[in-house]
Amino acid sequence: MIEILLFATIKAGTPLLFATLGAILMERSGVINLGVEGLMLVGALTGFAAAHTADSLFIGVIAAFFAAMAAGAIHGFICVYLRGNQIVSGLSLTMFGIGITSLFGRSFVGLTIAGFSKVEIPVLSKIPYIGQAIFNQDVLVYFSIILVAAMHIFLYRTKTGLYLRSVGENPGAADTSGINVGLYRMSAVLVGSGLAGIGGAYLSLAYTPFWVENMTAGRGWIAVALVIFAQWNSTRAMAGAYLFGGINAVQLRMQAMGTSLSPHLLMMLPYLFTIAVLVMATLRLEKGSTPEPEALGTAYDREDRK
Amino acid sequence: MIRFEKRKDASKLFTVFAPFMSVLFALATAAVIMLFAGINPIAAYAGMLNESLGSFYGISETLVKSTPLILTGLGVSIAFRMKIWNIGAEGQLYMGAMGASYVALNSGLTGFVGLAAMFVMAAVFGGIWAGISGFLKAKANVNEIIVTLLMNYIAIAWVSYLVYGPWKDPNGFNFPLTPRFSPDLVLSTFFNTRLHTGFIIALALVAVMYIFMEKTVWGYEIKVIGNNPKAAKYAGISIDRKIIGVMFISGALAGIAGFGEAAGVQGRLQEGISHGYGYTAIIVAWLAGRSAIGVFIVSVIMAVILVGGDSLQILMQLPVAFVNLFQGLILFFILASDFLIQNKPVMKRSGK
C-alpha cells in the first residue's frame, strides 16, 4: 500500500518538478513567468503530437522542449528586450497557450500512444518498501532527479550560474562587471520554458498518456507557487513537488476506493493545500532574510542604472 | 541603423491608437495561425462579425456578454490602481452567483426584496472570496496573484459540488444545474432578447466607480498607494486596511457579475456559469488603462470577440477555448506597443 502510494506520489509530482525547476531558473535571472500553465500545455500537446506522429517518445520530449521554448521566447522578448510588464506578459502566455493548444489539439483528442514504460534499476529496486516505488519508474522520472542535482550544481558551483544569479539580484552591478544581462535573462527564460514544456509532456507521454484540452488543470500555477515554497532552491523544489504529488495520489486513491466524498470536493484539495503551503512559506520568509531574487519582476534598463 | 530612444513624454498618438492597433495586429496574427490549422480566417472573421454585430439580436448578445465583463473589469481595474493583482474575478463571479442562488432557492423572499437580497449576497460572497486574498496580502504579504488564481479553481469546484450534489434539480434529468428561480427572482429582459437589467446595473456601477475613484478621499488614497506606497505610508494612510477594502470591492463587483449571470442570463445556478469572463477582465482592465469609461468601451470590444468566438464553435466546430488565443495575442501586442509609447525609433548612421 505504502509502496503504491509512494510510486503514485513520485509520478504525480514529476510534471510539477520539471515545471518548478524551469520557473526557478527563470526567476533566478529576475524574470517571473506566470505563463508556466500555458507552456506546460504547449509541451503536452506538442510532445503528444510529435510522439504520435514520429512513433517515438524521445522525439516527443525533444519537440515539447523546443515548442515550449519558442512560446517562452515571446515572453522573454517582451520582458527582456521590450521591458514590458512581466505579470501581464506571463498571463498572456497562459491564455495564448490555452487557446493555441485547444485549436491544434482538436485532431489529437481520443488518440492513444504507448506511454513511457518502467525501467527497473538493478539492485536498488530490490530495497524493501521504497525500492519498487523509486527505482522502478520511467526514464523521465530519473531525468528529473538528475536535473535537480544538475540545477543545484549549475547555480551554486559554476561561474555561469553565479553570473545568472547576479543578474537576478542586481542587474546594474552585473552589467557594470561586463555581464550581458539581456542574454542571460533571455537564455534562462528559453531553457526554463523548455523545462516547463517537458513537465507538460510528462502528463501526455507518461502520466495519462493521452491529450485532452486543458489537461494541466492548474499545475502550472501550483508550480509558480512551489517556487516560493522552495525558496528558489532546486532541492527544496523536489520536496515541494512530491508533497503535491502525494496529495494528488491520496486524492486519486480515495476516489478509486469509492469514498462517499464528492469528487468535486476532493478536487479542491491540491489548491487549498497550495494556498496553505504558500502562506506558511511566506511567513517563514518574512521572518528571516528573504531569498527572493532582488530584481525579480523588474525590467532592466541600462539608462536607469544607479 | 535604427535605435530606440526614450521619449520625454509618452506619445499621445500612440497612447490613443495603440489598443486598437494591438487588436488589429492580434487578429492578423491569429489569421496566420488559423491558416496553419486549416481554417479560412476570412470566413471565420466574417462569421464572427456577422454573429456579434450583424443583427439586432447579435448586438443584444454582445451587450449580454459585455455585462459581466464590465463588472469584473471594473473590479480588476480598481485593484490595479493600487498595484494589486486580482486574477481571481472568475472565482469571485462563481461565488457571487452561488450567493445569489442561495437566496433565490432558500430564503422564500420574493419580488424586489428578493432580488435586492440576491444582489447583496452576491456582492458579499464575491467580496469575501477576494477579501481572503486581500487579508493574506495585507497581513502576511502572501502573493495575491497566486492566491486569487488558485481560489478560482476552488470556487469552480465548489459550485460543481453544489450543482452535482445538494443543490441539483431533482427534475433536471441529472444535468448539473439547480431548479429554476421563481419568475419574480429573474431579472427582466428587454425587447425579447436576453439583455437583462444587469446591463443597466453595470452601467450604473461604471458611474459609481468613476465618482468613487475620482471624487472621493478613498479613491484618491488608493491612487496614492498605487503610485507611491512609501509616500502613502508617510501621509498616514493605512495601507493594510485599504488592501483588504479594495480587494473586497473588487470581488464584490465580480460577485455582482455572478448575480447577473445567475439571475439574468440563466435563471439558475449551473456548471460553467462563466465563460472565462473573470480572465478576460484582466485584459479589459489592462487595456482600459484604469479608466472606468475605458472599461465599458473595452468590454464591448471583448464581448464582440467572445460572441464571435462562440459562433465559431457552431460554424466551424472550433473549441470554446480558442478565444484565449485572441486574448493572449492582444495582450502581447499591447505590451509591445507600450514600448513604442515610451520609446521612439531613431535613425542613426553607423560609424557616426
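Scoring rules and cut-offs
- Residues numbered from 1 in each chain as written.
- Chains lettered and ligands numbered in written order.
- Predicted model: local features only at pLDDT ≥ 70, side-chain atom pairs only at ≥ 80, totals over all residues.
- Helix = DSSP H or I, 4+ residues; strand = E, 2+ residues; numbered from the N terminus.
- Rg over C-alpha atoms; globule rule 2.2 N^0.38 Å.
- Buried ≥ 20, exposed ≤ 12 C-beta atoms within 10 Å, placed from the backbone.
- Contact = placed C-beta atoms within 7 Å.
- Nonpolar A, V, L, I, M, F, W, Y, C, P; charged D, E, K, R; others polar.
- Axes fitted to C-alpha atoms, helices over the stretch in contact; angles between N-to-C directions.
- Parallel < 35°, antiparallel > 145°, perpendicular 65-115°, else oblique.
- Left-handed = near helix turned anticlockwise from the far one by under 90°.

Draft legend 1. Structural detail: the overall build of chain A. The helix and strand inventory of chain A stands at 12 helices and two strands. For chain A, the α and β elements follow one another from N to C terminus as α-α-α-α-β-α-β-α-α-α-α-α-α-α. In terms of overall size, chain A behaves like a compact globule, its C-alpha atoms giving a radius of gyration of 19 Å where 306 residues would be expected to give roughly 19 Å. Seen along its three principal axes, the alpha-carbon backbone of chain A occupies a region of about 60 × 45 × 40 Å. Across the 306 residues of chain A, 52% fall into the buried class. Contacts spanning at least 24 positions in sequence make up 79% of the contacts within chain A whose residues lie at least 6 apart.

Draft legend 2. Structural view of the overall build of chain B. Within chain B, the regular secondary structure consists of 13 helices and two strands. In terms of its C-alpha atoms, chain B occupies a principal-axis envelope of roughly 80 × 60 × 35 Å. Pairs at least 24 residues apart make up 78% of the contacts formed inside chain B by residues separated by at least 6 positions.

Draft legend 3. Just the environment of Trp167(B), in detail. Residue and element names in this part refer to chain B. Assignment of secondary structure puts Trp167 in the loop between helix 6 (144–164) and helix 7 (198–215). Taking the C-alpha atoms as reference points, Trp167 and Leu318, 151 residues apart in sequence, are found 32 Å from one another. In contact with Trp167, other than residues within four places in its own chain, are Leu105, Leu162, Thr178 and Leu269.

Draft legend 4. Seen up close, the interface of chain B and chain A. Chain B puts 41 residues into the contact, and the matching count from chain A is 44 residues. Residues of the side of chain B that touches chain A, tallied by class, amount to 32 nonpolar, seven polar and two charged.

Draft legend 5. Broad picture of unusual backbone geometry. Phi at Trp232(A) takes a positive value of approximately 60°, unusual for a residue other than glycine. You can call Trp232(A) buried: it has 21 C-beta atoms within 10 Å.

Draft legend 6. Region of the structure containing the packing of helix 2 (residues 36–54) of chain A against helix 10 (residues 219–229) of chain A. Residue and element names in this part refer to chain A. Their axes nearest at 7 Å, the elements helix 2 and helix 10 cross at an angle of 130°. As summarised for this structure, helix 2 and helix 10 are arranged oblique, according to the angle between their axes. Here helix 2 runs over helix 10; the crossing is right-handed. Only Arg219, Gly220, Trp221, Ala223 and Val224 of helix 10 make contact with helix 2, whose side of the interface consists of Val36, Glu37, Gly38, Leu39 and Met40. Partitioned by chemical class, the residues of the contact of helix 2 with helix 10 number six nonpolar, two polar and two charged.

Draft legend 7. Just the environment of Ala54(A), in detail. Residue and element names in this part refer to chain A. Within the secondary structure layout, Ala54 lies in helix 2. Judged by C-beta crowding, with 13 C-beta atoms within 10 Å, Ala54 ranks as partly exposed. Separated by 28 residues in the primary sequence, Ala54 and Leu82 have C-alpha atoms spaced 37 Å apart.

Draft legend 8. Expanded view of helix 10 of chain A. Residue and element names in this part refer to chain A. Most of helix 10 is tucked away, with 11 of its 11 residues classed as buried. Among the residues making up helix 10, those that are buried are Arg219, Gly220, Trp221, Ile222, Ala223, Val224, Ala225, Leu226, Val227, Ile228 and Phe229. Following helix 10 by one or two positions, Gln231 adopts a phi angle in the positive range, close to 50°.

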